[in-house]
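Each chain, written out:
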Amino acid sequence: MTTAILSALAEEQQGLIERLHQPRRVDRAGRVFWSGELHGAPVVLALSRIGKVAAATTATTLIEALGAQRIVFTGVAGGLAPGVQVGDVVVAQAFVQHDMDASPLFPRYQIPLYDRERFACDAALAGALLHASRAGLAQLALPASVHHGLIASGDRFVSAADEARALHTALSDAGHPPLAVEMEGAAVAQVCHDYGIPFAAMRTISDRADDTAHVDFPKFVREVASRYALAIIDAFVRELNNSRDRRA
Ligand code: SAH
C-alpha cells in the first residue's frame, strides 16, 4: 500500500528525500513528486503548496497519478485554543473550512452538497500518527504537548490577535471549537473523502496566530518544525511497517 507523505514546506521535506531508497522523480501538474521506499515501505513524497486549491490539486494528483492509497500530512499551524502553545504538536481528528460561507443558502461552514461542516480523519491512521508523535518527540527529548482535535483551514494567514480570537469564538459558537488554524488540511481531507482513502495530519504549532505570527517563521520551520516532522514521520513509517510485519 503506497503512503503519500505530504509536506507543507520544502524544509520539512528535505530530510525525507535524503532518506528515500530508490528515489524516482515524477513531474506532474507543475509539481515534483518523489516515489521510493522509507524503511521498506512504498511512499511518495510531495509538497502540498500553500492554500486550499493548491493542496487539493496536489492531493488529487497523488491519488490519480502517483497511486497514493493513503495520505499523511505534516506542516505548521497557528495555535488558537488556550493551552495550544508554540512548539506543541496537534494531530487532527477532523477539519473545518473557516472561510466557507454559503449562507443563507446553506448553514455557515457547511460545504455545499456534502451536507457537512467537517471532514473526519481516518481514526486508525490518526491514532498511529498520535502514537508516532509522542514517540518522535520523546526521542528528541522534548517536553512538547501533543493535542488531538479539530483544525480549521482557510485561505488566510491569521496574524492578528483580535482576528485569532474572533475566529476561535465564531467557530466555537457554531459547535466547532478549533485547536489550530492553517491553510490546507481541510482541502486534502475533502479530496480524500471524495476518493474514500484514509487521511491523517499533524501540525507543529509555529505561532499563536497573533501579531507576532510572522516573526521568525522561517527560522522556526527550519530549526524546529522540520526536525519534529522528520522524527514523527520516521516513527510513523516504522510503525506502519511493524504492523504490516505483524499481520504477515
Ligand atoms: N513563509 C512561508 C509561507 C508560509 S504561509 C513561505 O515563504 O513559504 C503559512 C503556512 O503555514 C501555510 O502553509 C499554513 O498552513 C501554515 N500556518 C502557520 N501559521 C499559520 C497561521 N497563523 N494562519 C494560517 N496558516 C498558518
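Our structure's up above, just so we're on the same page.
Residues numbered from 1 in each chain as written. Predicted model: local features only at pLDDT ≥ 70, side-chain atom pairs only at ≥ 80, totals over all residues. Heavy atoms only, no water.

Our next topic: the layout of surface pockets. A volume near 230 Å³ is recorded for the largest pocket. Around the largest pocket, the lining comprises 20 residues; the ones closest to its centre are Val76, Phe157, Glu182, Met183 and Phe217. Among the elements of the structure, strand 5 (70-79), strand 9 (180-182) and strand 10 (199-207) are those that each provide at least two residues to the lining of the largest pocket. Residue classes in the lining of the largest pocket are distributed as eleven nonpolar, three polar and six charged. (1 Å grid on protein atoms, 1.4 Å probe; cavity = no way out; pocket = protein on both sides within 12 Å on 5 of 7 lines; lining within 4 Å. Points joined across faces, edges and corners; volume = space filled by probe spheres on them. Helix = DSSP H or I, 4+ residues; strand = E, 2+ residues; numbered from the N terminus. Nonpolar A, V, L, I, M, F, W, Y, C, P; charged D, E, K, R; others polar.)

A word on the pairing of strand 1 (residues 3-7). With five of five residues buried, strand 1 is to be regarded as a mostly interior element. Sheet topology places strand 1 next to strand 4 (residues 41-47); five bridges connect them, and they run parallel. Opposite isoleucine 5, over in strand 4, you have leucine 45 as the bridge partner. Where strand 1 lies against strand 5, five bridges are found, and the strand directions are parallel. Residue pairing for strand 5: serine 7 is matched across the bridge by threonine 74. (Buried < 20%, exposed > 50% of the residue type's maximum accessible area, 1.4 Å probe, protein only. Pairing = 2+ DSSP bridges.)

We now examine the packing of helix 2 (residues 52-65) against helix 5 (residues 185-195). Contact geometry for helix 2 and helix 5: axes closest at 8 Å, N-to-C directions at 35°. The chirality of how helix 2 crosses helix 5 is right-handed. Each of Lys52, Ala55, Ala56, Ala59, Thr60, Ile63 and Glu64 in helix 2 lies in contact with helix 5, whose residues at this interface are Ala187, Val188, Val191 and Tyr195. (Axes fitted to C-alpha atoms, helices over the stretch in contact; angles between N-to-C directions. Left-handed = near helix turned anticlockwise from the far one by under 90°. Contact = heavy atoms within 4.5 Å.)

Turning next to the packing of aromatic side chains. Ring pairs (aromatic) are described by centroid distance and by the angle formed between their planes. Throughout the structure, instances matching the rule amount to two aromatic pairs. Plain terms: the ring middles of phenylalanine 95 and phenylalanine 199 are 5.9 Å apart, the flat faces sit at 35° to each other, and that makes the pair tilted. Separated by 104 residues along the polypeptide, phenylalanine 95 in strand 6 (residues 89-97) and phenylalanine 199 in strand 10 bring together distant segments of the chain. Centroid distance tyrosine 114 to phenylalanine 119: 5.4 Å. Interplanar angle 85°. Geometry classified as edge-to-face. Taking the relative accessible area as the measure of exposure, tyrosine 114 reaches 24% and is therefore partly exposed. Stacked on the ring of tyrosine 109, the Lys or Arg arginine 108 has its end atom at 4.2 Å from the ring centre. (Phe/Tyr/Trp six-rings, centres within 6.5 Å; stacked < 30°, edge-to-face > 60°. Lys NZ or Arg CZ within 6 Å of the ring centre and 35° of its normal.)

Let us look at the nonpolar core. Of all hydrophobic cores here, the largest spans 69 residues; its most connected members are Leu62, Ile71, Phe95, Val188, Phe199 and Phe236. Those residues in contact with phenylalanine 236 that sit more than four places away from it in its chain are Val72, Leu125, Ala128, Leu129 and Ala132. Ranked by size, the runner-up nonpolar core spans twelve residues in total, among them Val96, Tyr109, Leu150 and Leu171. (Core = buried A, V, L, I, M, F, W, Y, C linked by side-chain atoms within 4.5 Å.)

This part takes up the site of the ligand. Around the ligand there are 16 residues in total, and Val158, Met183, Glu184, Arg203 and Asp207 lie nearest to it. Residue glycine 78 places a main-chain N or O atom 3.4 Å away from a nitrogen atom belonging to the ligand. Between the ligand and aspartate 207, the relevant distance is 2.8 Å, taken from a nitrogen atom to a side-chain nitrogen or oxygen of the residue. Taken by itself the ligand offers 570 Å² of open surface, and the protein chains cover 77% of this. Judged by the proximity of its atoms to the pocket grid, the ligand belongs to the largest pocket. Of all the secondary-structure elements, those providing two or more residues to the shell around the ligand are strand 5, strand 9 and strand 10. Among the residues forming the shell around the ligand, the class breakdown is nine nonpolar, two polar and five charged. (Near = heavy atom within 4 Å. Polar contact = N/O pair within 3.5 Å; in protein donor to acceptor, adjacent residues only side chain to side chain. Areas by Shrake-Rupley, 256 points an atom, 1.4 Å probe, with all protein chains shown as cover. Sits in = over half its atoms within 2 Å of the grid points.)

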